[in-house]
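The lines below spell out each chain.
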Amino acid sequence: ALHQGNYDPGGYSEFVRVPQENVERGTYLLADDISYGEATMIEPLACAVRGIRIIGVKRAHTVLILGSGISGLLNIILCKLIGAKVIATDIDEYRMKKAQEFGADQVVNAREQLNFKAERAIVCTGALAAIRQAFDCIDRKGIILLFAIPDKNIEIPNADFWRNELTITSSYGAAPQDLRQAVELIKNKKVKVKGMITHQFPLEEIQEGFKVVANARDSLKVVLVP
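Please read these numbers as outputs of a predicted model, since none were measured by experiment. Starting from 1, residues in each chain are numbered consecutively following that chain's sequence as written. Under the rules for a predicted model, residues below a pLDDT of 70 receive no local features and side-chain atom pairs below 80 are neither given nor counted, while totals for whole chains, interfaces and linings still include all residues. Processing note: side-chain calculations cover all non-hydrogen atoms of the structure and skip hydrogens and water entirely.

Asks: Tell me what's going on with the overall build of the chain, and back it up with residues and numbers.
Replies: Secondary structure is summarised from DSSP: a helix means a run of H or I of at least four residues, a strand means a run of E of at least two, and numbering begins at the N terminus for each. In terms of helices and strands, the chain carries ten helices and ten strands. Relative to the 2.2 N^0.38 estimate, which gives 17 Å for 226 residues, the radius of gyration of the chain is 18 Å and therefore close to what a compact globule would have. For the chain, the spread of C-alpha atoms along the principal axes amounts to about 50 × 40 × 35 Å. Looking at the chain residue by residue over its 226 residues, the buried ones come to 45%. Throughout, a contact is declared for two residues whenever any of their heavy atoms are within 4.5 Å. When contacts within the chain are restricted to residue pairs at least 6 apart in sequence, long-range pairs at least 24 apart make up 59% of them. A 1.4 Å probe and the Shrake-Rupley method give the accessible areas. Residues count as covered only by the protein chains that appear here. If you sum the accessible surface of the chain, you get close to 12400 Å²; carbon and sulfur atoms cover 49% of it. Think of it this way: Lys and Arg go in the positive column, Asp and Glu in the negative one, and His and the chain ends go nowhere. Charge positions come from single atoms, namely NZ of Lys, CZ of Arg, CG of Asp or CD of Glu. The positive charge centre, built from 28 side chains, and the negative charge centre, built from 27, are 5 Å apart in the chain. All radius of gyration figures rest on C-alpha atoms, and the globule criterion is 2.2 Å times the number of residues raised to 0.38. Working definition: with a 1.4 Å probe on protein chains only, accessible area under 20% of the residue-type maximum means buried, over 50% means exposed, and in between means partly exposed.

Written out as structure tokens, the structure is:
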């Protein structure tokens, strides 16, 4: 069983020029105890691993995670593995419940006023309101990670950004080291991704699978099985 991952832009062109190296350096054998369904979670987990590595989440941090879909839940789990305090948000009751189940210390409805400060904020939703909440809640010298982005340009509160020495950054894709770590986390059951797979459909029911994804209610990860 093989899994092909995504890579940092810095090394991607080299893999494209030399396909054989892509096979040798970028393809990972699945352990026998990792199912194909679990394997579909390797790449998204690796992306979360990379994002958290970039912003340097530490045990002493309070981390605000805005959006509790798959990306948000993976970030919750990883931050809790480090030992950080995690506050998660969403507007959907089902996802708020899942955020609590997967380890968030506090779950807040994103429609409510958020009255706390966090050393790190990870935006896992494309809602512009989440960007504003991240800036409202980030502590002095804090870092905001755009794990997801809205489809419109964001506004940065210039005075707060300058005066409080804030950092805003992004992450996209996963490097080989992150993919290897994701495989190990799943293999060692430190991240139990099987519980995030809420629906499985045979390939001939692909349209039904997309309907479930589009509705987004009572679903997290939808897997198609050939």
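There is more to say after this.
Asks: Which residues make up the side chain of Asp-90, and what are the values?
Replies: Structurally, Asp-90 can be placed in strand β4 (residues 85–90). Summary of buried charges: Asp-90 has no salt-bridge partner, and the nearest side chain of opposite charge, Arg-95, is 4.9 Å away. One polar contact links the side chain of Asp-90 to the main-chain amide nitrogen of Asp-92, over a distance of 3.0 Å. Ignoring anything within four residues of it in the chain, the contact list for Asp-90 reads Gly-67, Ser-68, Gly-69, Arg-95, Met-96, Val-108, Asn-109 and Ala-110. A pair is scored as a salt bridge if a Lys or Arg side-chain nitrogen falls within 4 Å of a carboxyl oxygen belonging to Asp or Glu. Between N or O atoms, a polar contact is any pair within 3.5 Å; within protein, one atom must be a potential hydrogen donor and the other a potential acceptor, and residues adjacent in sequence are included only when both atoms are from side chains.

Asks: Give me the state of the cysteines: which residues, what numbers.
Replies: Think of a disulfide as a covalent bridge from one cysteine sulfur atom to another cysteine sulfur atom. Cysteine sulfur atoms are paired as a disulfide whenever they come within 2.5 Å of each other. Taken as a whole, this structure holds zero disulfides when the rule is applied. Not engaged in a disulfide, the cysteine Cys-47 finds its nearest cysteine sulfur in Cys-124; these two sulfurs lie 11 Å apart. Cys-79 forms no disulfide, and the closest cysteine sulfur to it belongs to Cys-124, at a distance of 9.0 Å.

Asks: Explain the sheet that holds strand β7 (residues 138–146) residue by residue, including any values.
Replies: On the basis of which strands lie adjacent, the open sheet formed by six strands has the order β5-β4-β3-β6-β7-β8 and parallel pairing. Only two strands of the sheet have a single partner each, and these edge strands are β5 (106–109) and β8 (167–170). Adjacent strand axes in the sheet meet at a mean angle of 20 degrees when their direction is disregarded. Both strand β6 (residues 118–123) and β7 contribute to a ladder of five bridges, which runs parallel. Directly across from Arg-120, in β7, lies its bridge partner Ile-143. At least two bridges found by DSSP between two strands is the condition for calling them paired. In this analysis an axis means a line fitted to C-alpha atoms, helices contributing only their contacting stretch, and an angle means the value between N-to-C directions, from 0 to 180 degrees.

Asks: Run through unusual backbone geometry, naming residues and quoting values.
Replies: Positive phi values are uncommon outside glycine, yet Lys-141 reaches one of about 65 degrees. Relative to the elements of secondary structure, Lys-141 occurs in strand β7. Even without being glycine, Lys-189 reaches a positive phi, approximately 60 degrees. On the secondary structure map, Lys-189 appears in the loop between α9 (176–187) and β9 (197–202).

Asks: Please provide a residue-by-residue account of the packing of helix α4 (residues 42–55) against helix α5 (residues 70–82), values included.
Replies: Orientation of α4 relative to α5, taken along the N-to-C sense of each, is 50 degrees, at an axis distance of 9 Å. As judged from the angle between their axes, α4 and α5 are oblique. Seen along the crossing, α4 lies across α5 with a hand that is right-handed. For the pair formed by α4 and α5, the contact residues are Pro-44, Leu-45, Ala-48, Val-49 and Ile-52 on the first element and Leu-74, Asn-75, Leu-78, Cys-79 and Ile-82 on the second. Three categories are distinguished: nonpolar for Ala, Val, Leu, Ile, Met, Phe, Trp, Tyr, Cys and Pro, charged for Asp, Glu, Lys and Arg, and polar for the others, with Gly belonging to the last. Of the residues belonging to the contact of α4 with α5, the class tally is nine nonpolar, one polar and no charged. In what follows, roughly perpendicular refers to angles from 65 to 115 degrees, roughly parallel to angles under 35, roughly antiparallel to angles over 145, and oblique to any angle outside these ranges. In this scheme the handedness of a crossing depends on how the near helix is turned from the far one: anticlockwise by less than a right angle means left-handed, clockwise means right-handed.

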